[in-house]
Amino acid sequence: VQVAVRILPREYAVNKIFSKRFEESSRIAAAIDHPNTIKIYGAGTDENGHLYLAMEYVAGGTVRDLLDRSGVLSPEKTAEIAIAVCSALSVARKNGIVYRDIRPDNIMITSNGRYKLANPGLAKSCVEAEEKSGSKRNVADNKEETLELI
């Protein structure tokens, strides 16, 4: 198994709120096992105080790369990508995760042509965000706290 490791600058680790949310979002994202999401293996803080995220390595480009090479995609190709992304989003949502940064740069293409949603980012509690904004709504049918990835 090949692994990619994302290392964040040290200033993120010293922010206790960021660190806590990063660890929580990584734990939740690691629980998702879906063919259209990048698998998260773990996260933590290294010996130098940097936060890191260990994830599946995808040998291939992104949909952005595909667009740069090919220009406009056919309706069939666009639908294929959309179905893969929507499938991943559905599973993520069922696990209390809401992706906010869906764009061609964050959709990976594997060497065998599978599309995988990447870059789950940092989880932020939707409940917490709503409390801060003063709005109240049911964020999860099952009463579990929903996390929003930023």
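Reference entry: report on the structure contained in this document. (Residues numbered from 1 in each chain as written. Predicted model: local features only at pLDDT ≥ 70, side-chain atom pairs only at ≥ 80, totals over all residues. Heavy atoms only, no water.)

## A word on the packing of aromatic side chains
Now for step 1: All chains considered together, the criterion is met by 2 aromatic pairs.
Now for step 2: Site record: aromatic cluster; members linked through ring pairs are Y12, F18 and F22. (Phe/Tyr/Trp six-rings, centres within 6.5 Å; stacked < 30°, edge-to-face > 60°.)

## So, the layout of surface pockets
Now for step 1: If you add up the space inside the second largest pocket, you get close to 170 Å³.
Now for step 2: Every residue lining the second largest pocket is counted, 13 residues in all, and those nearest its centre are R6, M55, M108, A118 and N119.
Now for step 3: Put simply, the parts of the chain that give the lining of the second largest pocket at least two residues each are β1 (3-7) and β3 (51-56).
Now for step 4: The biggest single contributor to the lining of the second largest pocket is β1, with 3 residues.
Now for step 5: A breakdown of the residues in the lining of the second largest pocket according to their chemical character gives 8 nonpolar, 2 polar and 3 charged. (1 Å grid on protein atoms, 1.4 Å probe; cavity = no way out; pocket = protein on both sides within 12 Å on 5 of 7 lines; lining within 4 Å. Points joined across faces, edges and corners; volume = space filled by probe spheres on them. Helix = DSSP H or I, 4+ residues; strand = E, 2+ residues; numbered from the N terminus. Nonpolar A, V, L, I, M, F, W, Y, C, P; charged D, E, K, R; others polar.)

## What to know about a nonpolar patch on the surface
Now for step 1: On the surface, V1, V3, V5, I7 and Y41 cluster together into a nonpolar patch covering about 530 Å² of accessible area.
Now for step 2: If you tally residues by element for the nonpolar patch, the top one is β1, at 3 residues.
Now for step 3: Position of I7 relative to the elements: it lies in strand β1. (Patch = residues over 30% accessible without salt bridge, like charges linked within 9 Å, V, L, I, M, F, W, Y side chains within 5 Å. Areas by Shrake-Rupley, 256 points an atom, 1.4 Å probe, with all protein chains shown as cover. Salt bridge = Lys/Arg side-chain N within 4 Å of Asp/Glu carboxyl O.)

## Here we look at the pattern of salt bridges
Now for step 1: Going through the model one piece at a time under the given rule, you end up with 6 salt bridges.
Now for step 2: Taking the shortest distance from any N to any O, the salt bridge between R64 and D105 comes out at 3.7 Å. Of this pair, R64 sits in helix α3 (residues 63-70) while D105 sits in the loop between β4 (97-99) and β5 (107-109); the two residues are 41 residues apart in sequence, bridging distant segments of the chain.
Now for step 3: Where R103 meets D105, a salt bridge forms, and the shortest distance between an N and an O atom there is 3.6 Å.
Now for step 4: A relative accessible area of 35% means that R103 is categorised as partly exposed. (Buried < 20%, exposed > 50% of the residue type's maximum accessible area, 1.4 Å probe, protein only.)

## Description of the environment of G44
Now for step 1: Mapped onto the elements, G44 comes out in strand β2 (residues 40-45).
Now for step 2: C-alpha of G44 to C-alpha of A54: the two residues are 10 residues apart in sequence and 8.8 Å apart in space.
Now for step 3: Contacts of G44, omitting those with residues within four sequence positions, involve F22, H50, L51 and Y52. (Contact = heavy atoms within 4.5 Å.)

## Describing the nonpolar core
Buried together is how nonpolar side chains tend to be arranged in soluble globular proteins.
Now for step 1: Ranked by size, the top nonpolar core spans 29 residues in total, and within it I81, I97, I107 and Y115 carry the most contacts.
Now for step 2: Here this core gets 5 residues from one element, more than from any other, and that element is helix α4 (residues 75-94). (Core = buried A, V, L, I, M, F, W, Y, C linked by side-chain atoms within 4.5 Å.)

## Re the sheet that holds β1
Now for step 1: Read across the sheet, 3 strands follow the order β1-β3-β2 without closing on themselves; strand pairing throughout is antiparallel. For this open sheet the edge positions go to β1 and β2, each flanked by a neighbour on one side alone. Strand-to-strand twist across the sheet, computed as the mean angle between neighbouring axes with direction ignored, equals 15 degrees.
Now for step 2: Bridge count for β2 against β3 is 5 bridges, and the pairing is antiparallel. Looking at the pairing, I40 lines up with M55 of β3.
Now for step 3: Set on the sheet, helix α2 (residues 16-30) makes contact with β2 and β3; between it and β2 the angle comes to about 160 degrees. (Pairing = 2+ DSSP bridges. Axes fitted to C-alpha atoms, helices over the stretch in contact; angles between N-to-C directions.)

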